[in-house]
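# Examination of the molecular architecture
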Amino acid sequence: MKEVKVVIDIARSTRVTLSGDEALRLLAVIKEMKGPTRDLTEAYRIIASFEEYYNYSRRRFEDYIFVPKDPRESLEGKTVIQKLRLIRNEGDFVEIVFDRRMDLNTIIEALKTIGYEKVDVTSQSF
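Anyway, here's the lowdown on the structure attached to this text. Within each chain, residues carry numbers counting from 1 in the order of the written sequence. Reporting of local features is limited, given that this is a predicted model, to residues whose pLDDT is at least 70; pairs of side-chain atoms are given and counted only at 80 or more, and all residues count toward the totals for whole chains, interfaces and linings. Hydrogens are left out, water is left out, and the side-chain values use all remaining heavy atoms of the structure.

### Digging into the pairing of strand E2 (residues 14-19)
- Where strand E1 (residues 3-8) and E2 come together, three bridges link them in antiparallel fashion. Residue pairing in the sheet places valine 6 in a bridge with valine 16 of E2.
- DSSP-based pairing: two strands are paired if at least 2 bridges between them are found. Only DSSP runs of H or I covering at least 4 residues are called helices, and only runs of E covering at least 2 are called strands; the numbering of each starts at the N terminus. Between E1 and the antiparallel strand that follows it, E2, lie five residues; arginine 12 among them carries a positive phi value of about 70 degrees.
- As judged from the five bridges shared by E2 and strand E5 (residues 92-98), these two strands associate in the antiparallel manner. The residue bridging leucine 18 from the neighbouring strand is valine 94, located in E5.

### Comments concerning unusual backbone geometry
- Phi angles above zero are rare outside glycine, and arginine 12 is one such case at about 70 degrees.
- To sort residues, take the accessible area from a 1.4 Å probe on protein chains only and compare it with the maximum for the residue type: under 20% means buried, over 50% means exposed, and anything in between is partly exposed. Classification of arginine 12 as exposed rests on a relative accessible area of 57%.
- Although it is not a glycine, phenylalanine 61 sits at a positive phi angle of roughly 55 degrees.
- Within the secondary structure layout, phenylalanine 61 lies in the loop between helix H3 (50-59) and strand E3 (64-66).
- On the accessibility criterion, phenylalanine 61 (77% relative accessible area) is exposed.

### Comments concerning the sheet that holds E2
- With mixed pairing, the six strands of this open sheet are ordered in space as E3-E4-E5-E2-E1-E6. Every interior strand has two partners, whereas the edge strands, E3 and strand E6 (118-123), have only one. Strand-to-strand twist of the sheet, defined as the mean angle between neighbouring strand axes without regard to direction, takes the value 25 degrees.
- Summarising the sheet, E3 and strand E4 (residues 81-88) pair through three bridges and their orientation is antiparallel. Every angle, taken between N-to-C directions, lies between 0 and 180 degrees, and every axis is a line fitted to C-alpha atoms, over only the stretch in contact when it is a helix.

### Structural notes on the packing of aromatic side chains
- Here a Phe, Tyr or Trp ring, Trp counted by its six-membered ring, pairs with any other such ring whose centre lies within 6.5 Å, and the pair is stacked when the planes are under 30 degrees apart, edge-to-face when over 60, and tilted otherwise. Here the structure, examined in full by the defined rule, presents one aromatic pair.
- A ring pair is formed by phenylalanine 50 and tyrosine 54, whose centres lie 5.8 Å apart and whose planes are at 10 degrees; its orientation type is stacked. Taken together, the residues span about one helical turn, with phenylalanine 50 and tyrosine 54 both in helix H3 at a distance of four residues.
- The ring centre of tyrosine 64 lies 4.4 Å from the NZ or CZ of lysine 83, which sits over that ring. Only lysine NZ and arginine CZ atoms are considered, and such an atom sits over a ring when it is within 6 Å of the ring centre and within 35 degrees of the ring normal.

Note that every value here comes from positions in space, so none of it alone points to a role or purpose.
This is how it looks when you write it as structure tokens:
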């Protein structure tokens, strides 16, 4: 049984960490559900070019890559991805930080669509 942990951080953004391939599949499912947006397209491109962007972020000493967004889509509340963190730890992993306005149920449904049977949602607090 595949399971994944979804974390809602202090800023009310939803985070999930997946392998690079699983992250690409998740973005493809969300794109089908919500329609294409610039941030989804850019996030997909960044994850697909993992090696190049990982090296770039390490050279600049940055943990997170802020995904370019269309200002109009941001104002309309259509943005999906806020930022990405590329992690190399016995494999290539991606932490996806979703926009605060992204519906949690949509994320859970998309995770179940790509094969995660158990989705554990936790909330951070101080």
